Amino acid sequence: MTAKTLTGSCLCGAVRYTATGEAQRFYHCHCSRCRKASGTGHASNLFLKGTLTWESGEDRIRLFKVPEAERFTNTFCEICGGRVPRFIEQYGVVFIPAGSLDDEPDLGPQAHIFMGSRAAWSCAGGELPEFDEYAG
């Protein structure tokens, strides 16, 4: 893989970022912490070996570190609550909530992880109908 530059933002656009580097891993995580932080059945997380630059809104970023968790920290915009990346210095890795990306990474999802704690109602495959837009 080669280095790529990815841009993204929070939901309201107050926090904008650029991440540059090589995509290492891309997982759909079903652990209870990712479910609670995202409000969904799983979080889609991209790990990029590289750098993270804040283009705007760095002062709007808030962190919540789960005290008993070795690695879990939720990083988000204080205005809209949208999840944003964080740089994990000890590994030189940018942790990117994939839904915050404006660009497509070179790497697609590689695995579903923590399936042992998956919520029973979470998307598990193709058993539901699919629609391109809201089907109300």
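So, a few notes on the structure that sits alongside this text. All residue numbers refer to positions counted from 1 along the written sequence of the respective chain. Predicted model: local features are reported for residues with pLDDT of at least 70 only, side-chain atom pairs are reported and counted for 80 or more only, and whole-chain, interface and lining totals are derived from all residues. Calculation of side-chain values draws on the structure's entire complement of heavy atoms; hydrogens and water are dropped beforehand.

Quick notes on the layout of surface pockets
Operational definition: Detection works on a 1 Å grid of protein atoms alone, calling trapped sets that fit a 1.4 Å probe cavities and calling open sets with protein on both sides within 12 Å along at least five of seven lines pockets, with lining residues defined by an atom within 4 Å of a point. Grid points are joined across faces, edges and corners, and a volume is the space filled by probe spheres set on the points. Secondary structure elements are taken from DSSP: a helix is a run of H or I of four residues or more, a strand is a run of E of two residues or more, and numbering for both begins at the N terminus. Each residue gets one of three labels, nonpolar for Ala, Val, Leu, Ile, Met, Phe, Trp, Tyr, Cys and Pro, charged for Asp, Glu, Lys and Arg, and polar for the others, Gly among them.
Computed from the structure, the largest pocket encloses a volume of approximately 730 Å³. As for the largest pocket, its lining consists of 23 residues, of which Phe47, Arg71, Phe72, Arg86 and Phe95 are closest to the centre. Secondary-structure elements contributing two or more residues to the lining of the largest pocket are strand E2 (16-29), helix H1 (32-38), strand E3 (43-56), strand E6 (86-88) and strand E7 (93-97). By residue number, the principal contributor to the lining of the largest pocket is E2, which donates three residues. Counted by class, the lining of the largest pocket contains 13 nonpolar, three polar and seven charged residues. Within this model, the second largest pocket holds a volume of roughly 210 Å³. Lining the second largest pocket are Ser9, Cys10, Leu11, Ala37, Ser38, Thr40, Gly81, Gly82, Arg83, Pro97, Gly99 and Ser100. In terms of residue class, the lining of the second largest pocket is built from four nonpolar, seven polar and one charged.

Quick word on the packing of aromatic side chains
Heads up, the rule is: Classification of ring pairs uses Phe, Tyr and Trp, with its six-membered ring standing for Trp, and accepts pairs whose centres are within 6.5 Å; under 30 degrees between planes counts as stacked, over 60 as edge-to-face, and the remaining range as tilted. Exposure is judged per residue with a 1.4 Å probe applied to protein chains only, and the accessible area is read against the type maximum: over 50% gives exposed, under 20% gives buried, and values in between give partly exposed. Charges are assigned to positions over rings by a cutoff of 6 Å between ring centre and Lys NZ or Arg CZ, combined with an angular limit of 35 degrees from the ring normal.
Evaluation of the coordinates by the stated rule reveals two aromatic pairs. With centroids separated by 5.4 Å and ring planes inclined at 65 degrees, the aromatic side chains of phenylalanine 47 and phenylalanine 95 adopt a geometry described as edge-to-face. With phenylalanine 47 in strand E3 and phenylalanine 95 in strand E7, the pair connects residues that are 48 residues apart, well separated along the chain. The exposure classification of phenylalanine 47 matches that of phenylalanine 95, with both residues buried. The ring of phenylalanine 47 has arginine 25 lying over it, and the distance from NZ or CZ to the ring centre is 4.4 Å.

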